[in-house]
Amino acid sequence: QQSNVTSYGATALAIITLETFAGTWINTFIICVLCIAWVKKKTLNSNEKILLLLGCSRFCSLCISWAYSFLSVIYPNYLYVHTILQLVLFFQTFFNHCNLWFSACLCVFYCIKIASFRNSCFIYLKGKIDRIVPWLLLGSGILALALGIIAYNIANKPHCNNRNSTAQGNFWEASIRMDKHLFPSFFLLGFGYAASFTAVIFSAVFLLFSLWTHKRKMQTNSMKNLSMDAHIRAMKSILSFLVMYSINFVCLVLNMVYVTKKRSHMTFLIVVFQYTFPGVHSLILIFSNPKLEKALLKILLLERSVKCKVC
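Taking an unreviewed UniProt entry as the reference, the protein chain is identified by name as Taste receptor type 2 belonging to Oriolus oriolus. Recorded under Subcellular location (unreviewed entry), the UniProt text for the protein chain is reproduced unchanged: "Membrane".

Here you go:
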C-alpha cells in the first residue's frame, strides 16, 4: 500500500511539474514583453499594468503550489515543521486571490473601456477608469493579503501542528486529517472565488448587451469594423475566462467534497485542472492582445529561421 501511495504521488508530481513549467514559461513571456515595453516607453497603460501584475501573481502562485506538491510527495515531514506549512498556506492564499482579483479587474476594465452606454455614471467611470485601475489593483492586493493572514492564523492553530501524525509514507492520511481542520481556509478561498466570479459575470453580461445594442445601431461598415472588433476581442477574452472560471469554481467545490477521499481519481483531475488554469488562460490573453501576439510570433519566426540556417 505504501508503494502504491508513493507511485501515485510521483505520477501526480510529474504531471504537475510539466504543467507548472508550461504555465511559468507562458507567464514569464508576458512579464518579459511588458517589462521591455515599460523600459522603452517609460510607462504602461492600464491594460498592461493589469496584465503585468496578473502574470507575476500567476508565476508566483505556480511556483508556491509546485513547492507544496514537491514537499508533500518527496519530503512530507518537512511540510509539517512549524511555520513551513503556515507560510506555504499564506503565500498560496495570497497569490491565488491576487490571481483571481487581478483577472476580475481585467474583465471590469474591458467592460468599462469598450462597452458603450449613455448612463451618466458609466460615462464618468469610462473617463476615470485609468485613474481607478491602480486603486482597484491596490484594493485587490490588500484584500488578498488580509485573506492570506487569516489563512496563516487558521493553519497556526494547534490541531494543524500535530507533528506526531506525519510519519514517512503516511502523508495522505495525515493531510486528510489536517484538511478537515482547514475547511475555513476553503471557505475563504470560496469567498474570493464567488466575489470575483460575480464581477466577471456582470462584466460579461454588460459587454454582451453593449455589443448587441451597438450592432443594432450601427450604420456604416467603417464604424462596424472599428468598434465591433474591439467588442468581439474583449468578449472572447472575458467569455473564455468565464468558462474556465466556472470550471475552476466547480473544482473548488468538488475539492471540498472529495478532500476526505484518499487517492481519489476525481481529486487528481481537480488538481490537474487547477494547475492548467493559469497557463491556459494566460495563453488566451496572449492571443487576444495584439502586442503580446506579435511578440510571440516574432519569437517563433526567429526560432524557425535560426533552425533553418543551422540545418
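There's more to say after this.
Just to check I follow, could you spell out the confidence of the model for the protein chain for this structure?
Any segment with low pLDDT has predicted coordinates that should not be analysed in fine detail. Predicted confidence across the protein chain gives a mean pLDDT of 76, with 73% of residues reaching 70 or more. Here helix 6 (residues 171–181) is the element of the protein chain with the lowest mean pLDDT, 44, and helix 2 (residues 46–74) is the one with the highest, 88.

Honestly, a nonpolar patch on the surface in this entry has me stumped. Any pointers?
On the surface, Ile74, Tyr75, Tyr78 and Val81 cluster together into a nonpolar patch covering about 370 Å² of accessible area. Along the chain, Tyr78 falls in helix 3 (residues 76–79).

Looking at this model, I keep getting lost on the packing of aromatic side chains. Mind explaining?
Here the distance between the centres and the angle between the planes together describe a pair of aromatic rings. Under the criterion given, the structure shown has 8 aromatic pairs. With centroids separated by 5.1 Å and ring planes inclined at 65 degrees, the aromatic side chains of Phe94 and Phe95 adopt a geometry described as edge-to-face. Relative to Tyr110, the ring of Phe109 lies with its centre 6.3 Å away and its plane at 50 degrees, an arrangement referred to as tilted. Judged by its relative accessible area of 7%, Phe109 falls in the buried class.

Just to check I follow, could you spell out the UniProt feature "transmembrane region" (unreviewed entry) in the protein chain for this structure?
As annotated in UniProt, the feature "transmembrane region" (unreviewed entry) corresponds to residues 12–39, 51–75, 87–112, 132–155, 186–213, 234–259 and 265–288 in the numbering used here. Helix makes up 96% of residues 51–75 and strand 0%, whereas the separation of the span's terminal C-alpha atoms amounts to 35 Å.

Would you mind going over the nonpolar core with me for this structure?
What tends to happen in soluble globular proteins is that the nonpolar side chains get buried as a cluster. In terms of nonpolar packing, the biggest core is built from 48 residues, with Phe29, Leu106, Val200, Tyr245, Ile286 and Leu292 touching the most fellow members. When contributions to this core are tallied by element, the ones reaching two or more residues are helix 1 (2–41), helix 2, helix 4 (84–114), helix 5 (120–155), helix 7 (183–217), helix 8 (221–257), helix 9 (265–288) and helix 10 (290–310). Sort the elements by how many residues they give to this core and helix 4 lands first, with 12 residues. With sequence-adjacent residues up to four places away left out, Tyr245 is seen in contact with Leu100, Gly192, Tyr193, Ser196, Phe197, Val200 and Phe277. Among the nonpolar cores identified, the runner-up in size contains 5 residues, and Tyr68, Tyr80, Leu85 and Val88 belong to it.

In this structure, what is going on with the environment of Leu269? I would like to understand it.
Position of Leu269 relative to the elements: it lies in helix 9. Placed 18 residues apart in sequence, Leu269 and Cys251 show a C-alpha to C-alpha distance of 8.9 Å.

Definitions and limits used
Residues numbered from 1 in each chain as written. Predicted model: local features only at pLDDT ≥ 70, side-chain atom pairs only at ≥ 80, totals over all residues. Heavy atoms only, no water. UniProt positions renumbered as here; feature names shortened; annotations may be inferred. pLDDT = per-residue confidence, 0-100. Helix = DSSP H or I, 4+ residues; strand = E, 2+ residues; numbered from the N terminus. Patch = residues over 30% accessible without salt bridge, like charges linked within 9 Å, V, L, I, M, F, W, Y side chains within 5 Å. Areas by Shrake-Rupley, 256 points an atom, 1.4 Å probe, with all protein chains shown as cover. Salt bridge = Lys/Arg side-chain N within 4 Å of Asp/Glu carboxyl O. Phe/Tyr/Trp six-rings, centres within 6.5 Å; stacked < 30°, edge-to-face > 60°. Buried < 20%, exposed > 50% of the residue type's maximum accessible area, 1.4 Å probe, protein only. Core = buried A, V, L, I, M, F, W, Y, C linked by side-chain atoms within 4.5 Å. Contact = heavy atoms within 4.5 Å.

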